[in-house]
Amino acid sequence: MGDDSEWMKLPTDQKCEHKVWKARLSGYEEAVKLFQKITDEKSPEWGKYLGLLKKFVTDSNAVAQLKGLEAALVFVENAHVATKTTGEVVSGVVTKVFNQPKARAKELGADICMMYIEIEKVEVVQDELLKGLDNKNPKIVVTCMDTLRRALSEYGSKIVTLKPIVKILPKQFESREKAVRDEARLLAVEIYRWIRDAIRPSLQTINSVQLKDLEEEWVKLPSAPAKQTRFLRSQQDLKAKFMNQSAEGGADSDGDDEEDAVVAVDPYELLEAVDILAKIPKDFYDKIEAKKWQERKEALEAVELLAKKPKLENGDYGDLVRALKKVVGKDANVMLVTLAAKCLTGLATGLRKKFGTYAGQVVPTILEKFKEKKPQVVLALQEAIDAIFLTTTLQNLSEDILSVMDNKNPSIKQQASLYLARSFRHCTQATLPKSVLKPFCAALVKQVNDSAPEVRDAAFDALGTAMKVAGEKAVNPFLADLDKLKLDRIKESADKVELPGGKKGGGGGGAGDKKAAAKAPPIAEAPAKSSAPPRKNPSAATSKTASGPPKKSKPASAAGGKAKKTADNKEVIETELSIEACEDLAGGVLPGSCLQQLDSANWKERLASMEEFQRAVETMDKGQMPCQALVRMLAKKPGWKETNFQVMQMKLRIVTLIAQKGQFSKTSAFVVLDGLVDKVSDVKCGGIAKEGLTAIGEACSLPWTAEQVVSIAFGQKNPKNQAETLNWLANAMKEFGFAGINVKGFINNVKTALGATNPAIRTAAITLLGVMHLYMGAPLRMFFEDEKPALLAQIDAEFEKMKGQSPPAPTRFNKRAAAEEAGDDGEEQDEEGGAAAGGQDIMDLLPRTDISDKITSDLVSKIGDKNWKIRKEGLDEAAAILSEAKFVTTNIGELPLTLKERLGDSNKILVQQTLTILQQLAIAMGPGLKQHVKALGIPIITVLGDSKSNVRAAAMTTLQAWVEQTGMKDWLEGEDLSEELKRENPFLRQEVLGWLAEKLPTLRTVPGDLMLCVPHLYACLEDRNGDVRKRAQDALPTFMMHLGFEKMIKAAGKLKTSSKDQVVAMLEKARAVMPAKPAAPAKAGGGKDSAEPSRAASASRSQPSSDDCVDSKPEVKKIRGGAPAKKGAAGKKPPAKGAKDEEDKSGPIFVLIPNAKEQRIKEEKQLKILKWNFNTPRDEYLEQLKTQMSTCFAKWLQDELYHFDFQRHVKAIGVMIERLETESDATISCLDLILKWFTLRFFDTNTTVLMKVLEYLKLLFVMLKEEDYHLTEYEANSFIPYLILKVGESKDVVRKDVRIILTMLCKVYPASKIFPLLMDGTKSKNSKQRAECLEELGCLIEGYGMNVCQPVPAKSMKEIAVHIGDRDTSVRNAALNTVVAVYNACGEQVYKLIGNLSEKDMSMLEERIKRSAKKAAAAPAKPSVVERTQKEHPTNPNATFLRRPAQEDPNKLNQARQNSQHSESSHPSIPREFQLDLDMIERDQSRVCEMPDLVQHNMEELLEPIMIPEPKIHSVSPHYDELHNSTASTINFVISQVASGDINTSIQALAQIDEVLRQEDKAEVMSGHIDQFLIATFMQLRLINSTHMADERLDKRDIIKLYSCIIGNMLSLFSMDFLAREASMGVLKDLMHGVITLMLDSRVEDMEDGQQLIRSTNLLVIRVLEKSHQTNMISALLVLLQDSLVTTAGPPKFSELVMKCLWRMTRQLPETIDRINLDRILLDVHNFMKVFPKEKLKQLKNDVPHRTLKTLLHTLCKLTGPKILDHLSMIENRNESELEAHLRLVVKHPGNLSGPKSDRGNEKGGLRTDDRMSKAKVSDILSEIFKKIGSKENTKEGLTELYEYKQKYSDADLEPFLKNTSQFFQSYVERGLRMIESEREGKSQVHSSAVIPQHGVDSSLTSNNEELKPAVYYERLKILRQRQGLENTSRQGGGVEDEPQQRPPISSLLSSKPSVASSTDMLHSKLSQLKESREMYQQEHNAHSNSPSHTHTRSASPAANLDDLKKRLERIKSNRQ
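Basis of the calculations
- Residues numbered from 1 in each chain as written.
- Predicted model: local features only at pLDDT ≥ 70, side-chain atom pairs only at ≥ 80, totals over all residues.
- Heavy atoms only, no water.
- Helix = DSSP H or I, 4+ residues; strand = E, 2+ residues; numbered from the N terminus.
- pLDDT = per-residue confidence, 0-100.
- Contact = heavy atoms within 4.5 Å.
- Expected span 1.5 Å × (residues − 1).
- Buried < 20%, exposed > 50% of the residue type's maximum accessible area, 1.4 Å probe, protein only.
- Arc of directions from axis to C-beta.
- Core = buried A, V, L, I, M, F, W, Y, C linked by side-chain atoms within 4.5 Å.
- Axes fitted to C-alpha atoms, helices over the stretch in contact; angles between N-to-C directions.
- Left-handed = near helix turned anticlockwise from the far one by under 90°.
- Nonpolar A, V, L, I, M, F, W, Y, C, P; charged D, E, K, R; others polar.
- Phe/Tyr/Trp six-rings, centres within 6.5 Å; stacked < 30°, edge-to-face > 60°.
- Lys NZ or Arg CZ within 6 Å of the ring centre and 35° of its normal.
- Polar contact = N/O pair within 3.5 Å; in protein donor to acceptor, adjacent residues only side chain to side chain.

S.K.: Which residues make up unusual backbone geometry, and what values do they have?
M.R.: Leaving glycine out, the prevailing phi sign among residues is negative, and the prevailing peptide bond configuration is trans. Here asparagine 1155, not a glycine, exhibits a phi torsion of approximately 60°, which is positive. Mapped onto the fold, asparagine 1155 is located in the loop between helix H61 (1133–1145) and helix H62 (1156–1165).

S.K.: So what's going on with the environment of arginine 1747? Residues and values would help.
M.R.: By secondary structure assignment, the location of arginine 1747 is in helix H98 (residues 1744–1760). The spatial distance from the C-alpha of arginine 1747 to the C-alpha of leucine 1737 is 9.5 Å, given a sequence separation of 10 residues.

S.K.: Just give me the short version of the confidence of the model for the protein chain, but keep the residues and values in it.
M.R.: On average, the protein chain scores 76 in pLDDT, and the residues at 70 or more come to 77%. Across residues 503–572 the pLDDT falls below 50, and counting only partners more than four positions away or on other chains, this stretch makes 46 contacts in the model. Counted against residues more than four places away or in other chains, residues 821–840, with its pLDDT under 50, gives 35 contacts.

S.K.: Can you tell me about helix H63 (residues 1179–1192), naming the residues and giving the values?
M.R.: Residues three or four positions apart in an α-helix share a direction because the helix packs 3.6 residues into each turn. When the terminal C-alpha atoms of H63 are compared, their 21 Å separation across 14 residues agrees well with the 20 Å that a helix rising 1.5 Å per residue should span. Of the positions making up H63, those classed as buried are Tyr1181, Gln1184, Leu1185, Gln1188, Met1189 and Cys1192. End-on, the buried residues of H63 take up no more than an arc of 130°, which puts them together on one face. Seen from the buried face of H63, the exposed residues on the opposite side, beyond 90 degrees, are Asp1179 and Thr1187. Against H62, helix H64 (1195–1201) and helix H67 (1231–1241) lie the buried residues of H63.

S.K.: A description of the nonpolar core should follow, citing residues and the corresponding values.
M.R.: In this structure, Met1566, Phe1573, Met1632 and Leu1756 are the most contacted members of the largest nonpolar core, which totals 103 residues. When near neighbours in sequence (up to four residues on either side) are disregarded, methionine 1566 contacts Ile1531, Ile1535, Ile1553, Val1556, Leu1557, Phe1573 and Leu1619.

S.K.: Describe in detail the packing of helix H71 (residues 1292–1305) against helix H73 (residues 1327–1344), supporting the description with residues and values.
M.R.: Here H71 crosses H73 at 30°, and the two axes come no closer than 12 Å. Between H71 and H73 lies a crossing of right-handed hand. On H73, the residues that touch Arg1295, Arg1299, Leu1302 and Thr1303 of H71 are Lys1328, Glu1332, Glu1335, Glu1336 and Cys1339. Split by residue class, the contact of H71 with H73 holds 2 nonpolar, 1 polar and 6 charged.

S.K.: Give me the packing of aromatic side chains: which residues, what numbers.
M.R.: One pass over the full model with this rule turns up 26 aromatic pairs. Taking the centre distance of 5.1 Å and the plane angle of 85° together, the rings of phenylalanine 35 and tyrosine 49 count as edge-to-face. Taken together, the residues span a long stretch of sequence, with phenylalanine 35 in helix H3 (residues 21–37) and tyrosine 49 in the loop between H3 and helix H4 (53–57) at a distance of 14 residues. For the pair phenylalanine 35 and tyrosine 49, one class covers both residues: buried. The structure contains a cluster of three or more aromatic residues connected by ring pairs, namely Trp1172, Phe1174, Tyr1181, Phe1243 and Tyr1282. One residue, lysine 684, lies across the ring of phenylalanine 645, its end atom 4.4 Å from the ring centre. One cation-aromatic arrangement involves arginine 952 over phenylalanine 987; the distance from NZ or CZ to the ring centre is 4.0 Å.

S.K.: Describe the side chain of glutamate 980, listing the residues and the values that go with them.
M.R.: Assignment of secondary structure puts glutamate 980 in helix H53 (residues 976–982). At a separation of 3.1 Å, a polar atom in the side chain of glutamate 980 contacts the side chain of arginine 983. Look past the residues within four positions of glutamate 980 in its chain and what remains in contact with it is Ile938, Ile941, Thr942 and Leu988.

S.K.: Before we move on, could you go through the side chain of glutamate 118 and cite the residues and values that matter?
M.R.: Its location among the elements puts glutamate 118 in helix H7 (residues 103–118). On the basis of relative accessibility, which here comes to 15%, the residue glutamate 118 falls in the buried class. The contacts of glutamate 118, once residues within four sequence positions are left out, are Tyr155, Arg230, Phe231, Leu232 and Arg233.

S.K.: Mind laying out the environment of glycine 47, listing which residues take part and the relevant values?
M.R.: Among the structural elements, glycine 47 can be located in the loop between H3 and H4. Its relative accessible area of 39% is what places glycine 47 among the partly exposed residues. Sequence separation of glycine 47 and alanine 82 is 35 residues, and the distance between their C-alpha atoms is 9.2 Å.

S.K.: Kindly report on the environment of methionine 610, identifying the contributing residues and their values.
M.R.: Locating methionine 610 in the fold gives a position in helix H34 (residues 603–619). Along the primary structure methionine 610 and isoleucine 654 are separated by 44 residues, whereas in three dimensions their C-alpha atoms are 8.2 Å apart. Apart from the residues within four sequence positions on either side, methionine 610 is in contact with Leu598, Leu634, Val647, Met650, Lys651 and Ile654.

Take a look at the structure:
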């Protein structure tokens, strides 16, 4: 007992899991009582028992278990959380309860299962019960089946899914246990009660005895349908309705519903699909081609057996279908044809809609085969074609059927008609619209008159069926030409037809033959049902009473309208009356005197008679007016030949009256039309004649009248009549609209008119075409493409006028059709998806070619060949066939399947080619493409999953082209689209969803199959790929607009709980932004654009029926467009709502609450709220921020900021920007919240929002700086870490902005606190982020010194140094740059700070430090300038040259470059530099520190003239030193403004510099600033190219002005040799890059004055090439060429222009060879050849780079000879490139080295002068030379050698070698020798005039600082004197002054590229006269100051000018500050 007392004290939940069974029993009893007491289903008490519930039902003690089951049942019934336990509890019940012997336990277990179903967990319960059926214990199996039967019986087949149950049922019938078999039988009976015969196919496999028993049981069941008796929690309203009906005892209507549900179950859905493709015998395809029919029969029998399976697995049946089709079409053995037809029947039945793909191929073959007479064959073919019909639509097959309707064979015609009749039965009014019926009825009407009776009978059957399905009203218009007998016969056939739906309808309302009154009730109900529309209208049509059933959309008077129509139909075919009959009829209604005087000779009597006639007609009653008789009286002599215009006018008026008032028929119209057309151009009667024609148009329809009138007019020869007729028609079209116009009817006449000689006719025709274009659009032009160009231009001009106009609404209508069209047009347009009649018809009118005979089996096999080249040929042929045909019919043979295979080709080029062909096909086939959507269209969607973006783009273009022709309906029908979405391919999913999101909002209706895509859409919402998720979210609202929120939520119910919550939340969001369905298109004109003008009207019309649409429409507009909808076209409410919104928005957007921010900081510190710290923002952070914002943000602003649509965010940020200035205090009070909201936006993927955020932040920090506000730590820590994330963004614009913001942050938050945050950023996995953070750290150290390195420098530096070994180059470089910045700040101490580094990293660092020291000495500003440039213009791939020299230049190259510039002292004074940098930042606050380093650039260089040669220089130029020191800072300042982002600032700075450069006496002050100035210039060029040109707001004239200033400055600069030479290699390279990019910028060409600008740029390039330091220039071009070949990012012609510049430099080499540093150039060539060896060069697209390099080396060798090999001293490892080998090869070949040195005959390998050479040797040499001349490659070389030979051996006899050659060859050789001679003479002249002492150059190029000898200065002085005109030499003409006159055309530099080496020399000779003198020394300004004459030429008082300049610059400076 002690034990008992222990557990009795325990709480209930602990008792329930006690080990003592009594304790558990007690616990369960208490639990039952407790559970019954708890009233709140969400009480926390339930949660305690969640984990115990399974133990309740699986208790090992039988007594306790029974109580536990009771407790579990109460728990499940009452607890909200019970759903979480379903799986485990039901599983426990199945395994541990259903095997119990106690019936009570089983009953409770079943009750628990039922209760779980009631709380919506039916799927889980059903799964567990079905698992139980596999249990080995038969008791469990029996009880599970019993429970399933009970569930089905109580909840019905709508709740319990029958398919899985039916699937396992046959297996249970085979059980050995009788109890199991009996239970299975009971379950089968229960299933039959719900779905009736649908279960039969699934049970065909069970034992026949069992089946017979079942049949007996089934017969006993009551015929009344089963009803649901127990309801789910969500069905409580249905339960209440059921209870009420039970109480009243009449559940009729519910019965109907249930019956519907019974029929809805498709037995096919319950079947399991079988994969038969794998089971087809392997030799099937061989056997089917066998010669013996028995073998073919075997093959077919095997397939027939497989095809009998009722449901087949989807797969590629293309080959099988083709094989069967071949048998049907070509096999002579009828038995095999029958077998193949049966196989096709099986496939079509088993695959259903999936067979639709192949329907188009098979149907034409079967129809042709109907020529076969044997009944069994015909029957098999009929079965096959009927089965195939059910897999596709009539629309898809229409072309094929119509094509055989004219066949000569009556059997084919008969069977085609019978097939149509059978097919029509399966159609409804919706699927058989007028557009489909029209061509069929026309063909069938022809067959009604056929000679063969069986064809006639079949046609009557088909027309009768059509009438029964579509209604008389729809069919009668097409039967207008049939007589009454035939019409009666058709109606008789219609009455006999029994439709599949009709039987059912008959069952509901009595026998089918009863009168309409009896049918009324079911019809009245019809609108409520989903399947009603098809059944409603036929009944209405057959109803004879005028008061038909009430209809939703059409007036009840339709029947009356129909009666009138039949009357009209009789009149349309009014018989022609004799003249006597007419006189009798007319006599009855007209006064006698009137008739007598009609043909009187006196015109006055005739006039009086007409007046009487008119009065009589006006008073006549419409029903009694004999129209034909009256118009015949008017036509009586003189008739239309009436000579008196007054009488004629009266006549025409009367005709118009009769047409308007009477029932005017076409017969009457024929009588008067000739007369009216004849008078149409008459000056006095023309207007009335046109009125008459219009009246006839109203009476007999415009299309008919127009056709008649135009043919009559063009049958005459009167040009005025023709012109006026066309004018009338153009006007009539506007009045009547375009509906029904038969363009084909008069298009030929319009063509005749266009070719007429009379201009009035041509003008009228063009005007008419303009009006037609309004309705038909672009396709109209297709008819006139073969017209003359001049005429076509006029037509195009007319079309252009009409563009943008919409057709006017019709003002006149055909009287007869008006009533009918009012009802029908809407429907038809609904069918066609609103496609305009005109637009569709025109495509039908185009003459189409049948290309099926060209798609031969050879072509098909070619396209499918194993060799891709042959496949490509095949595709090319197919494309050619389509191009040639232009427009094709839908029959394209086997092309679809062949192309489908190619869409999966492994060769992507062929896939793209196939897609191009499919685009071609779309245009060529037009709307007929619909029938190929399944076969060819869906595979296009598959291609959207390709990994290559260009293939996907091509596929999307193709898809759009197809959809344009086919509409969307066919794509959405069936399972194909959902199958595609099912593929887990992220590319395919995002493309398809994006496409659907774009297309669905434009559709008014979609097929129900769209629902199949929803599960996959939900899967995409949780896809791993972010893009897929985003696209799925975008598509969600568009799916919802068609399927509705309820359906979507229901579909979400099947998801897992975790997914479900997420998806439901998204659905709620999507519901808010769901677009409204587009309004029904207006009937106005029936044209393409006709919907536009009446859109507003239709929207307002639909207001009463759908108010919710009215509200949502403007909302959607607002969202999608990103701005509020302003028009409010959809109704009156939205504008008012908008106005109210505007009022709300006028108030402040932020509320200033005192101390609110402090309170928030306090709460976060006390951990009352979440700290703002996360990797990705979670919902709780979002909610917290939302709550905090609600107190201090305007409500509307907060709504916008948290809106689902990103456009709203952009709009909200825009408002915040506007209010930033006015609400600055409030902004600061909410700053923490604003910054937090922005951090959330950093996690969005939308760039538009991000850019707007960054724009705001930049302005915000400027404002904070102005307000002198400093961020708190709380604000900074919740914002800066997330901003740093964005510094690693892939988009350059974003990174650039973030860097700017980080720089600005330092002004409102201490840099030392930003430093640790950036250090954290360097730990990111994103290499871009690491690099940018390191760069930023470097900038902080440069700007603020080592104190920013927090917490301690050593720790920070160690972390930074780690990145020197990073895998990513940019990270390594950034780390190195940062460490170098530290080195600059603290010198050698850096090595202590960074700690131990690997050997490799340390060597990289030392190298970088060494180089930075040199750069600091040479040009301190350069590296950081270019670094900045990099950040601002990262698009330029070549800009890295100076930023990353470690990779590109070996150490020696740097040294050489430094030495070849100016040798100078290398002692950097670091602190002063940094001090200056900070000063610059302070001074230049208006910029965001664009170029902080420019200031320091030349502080050292200014001193260099003093340091270089000897002290005597100083004495010569006393002002020089003072001049430099006093103006340096001013010039630096002006140069820094050149790179300004503001165009005007830049232009002003350039203007100031230009003023200095233009005056030679002042230009000297620029010396030492040239590199700095050029860097600023090319930075500005980049800025224009990347930013200004793309900025729409900027005036393009300003950009042109800026460009002009830059180019003007450059031209001035490069016209001064001493300044031009100062430009260093790296700067020249970047400058050339900028200038060439400008020349290639197509945007510049398109501007006004752009061409002029490019010409100036061309001139500048020539000037730069000629004037700059030649060594630097060639080096720069080589490096630029290398970069442009390595990267393909730049313009394609870029490298071509660089090469042209190199060619030009090569041509100048003979003059400049002595002034260039060969060692450096060869080092550059070596580096180039390292990157591009010979083989790699040859692989490039063209060989010009290879030839360029070859020519350069060849020229250098030619000019220097073997000595060139001594200039390889700077190359460390010569084996790294092929340079040395190439040079040795060139030097060895004696013929290659022609020139003055080789003439002296002193080189290696040159020809030795030996007069005693043997004749044999001479002969050998000459033979060798002539061989070379004869070969293509060496012809130039041979000619050069021959010339050399002749020079040496002037007596040599060439005659023996020339006599056997052709005359042409002889003259070629002579001409070649003459040219070489003239060339040589030109060169020797140049050389003699340019001879200078060799040692001068050498000394200037030596790498050590030797003293310069006086001779050198003397030589320089001499040259200077010549330049200043003090020595008159022959070279003076070549000075700068004459340059423009002598310069060749600008285009010559960049237009022609040398084709072969020989053309270089020809150009040399042409250019020799233009050569200018060159200076041969390096440091030119030294010589300037050295020469007294030079100083003498300067202005007398440079100091005065300088003072003036200084004052002006100071003034500008102070203004700027």
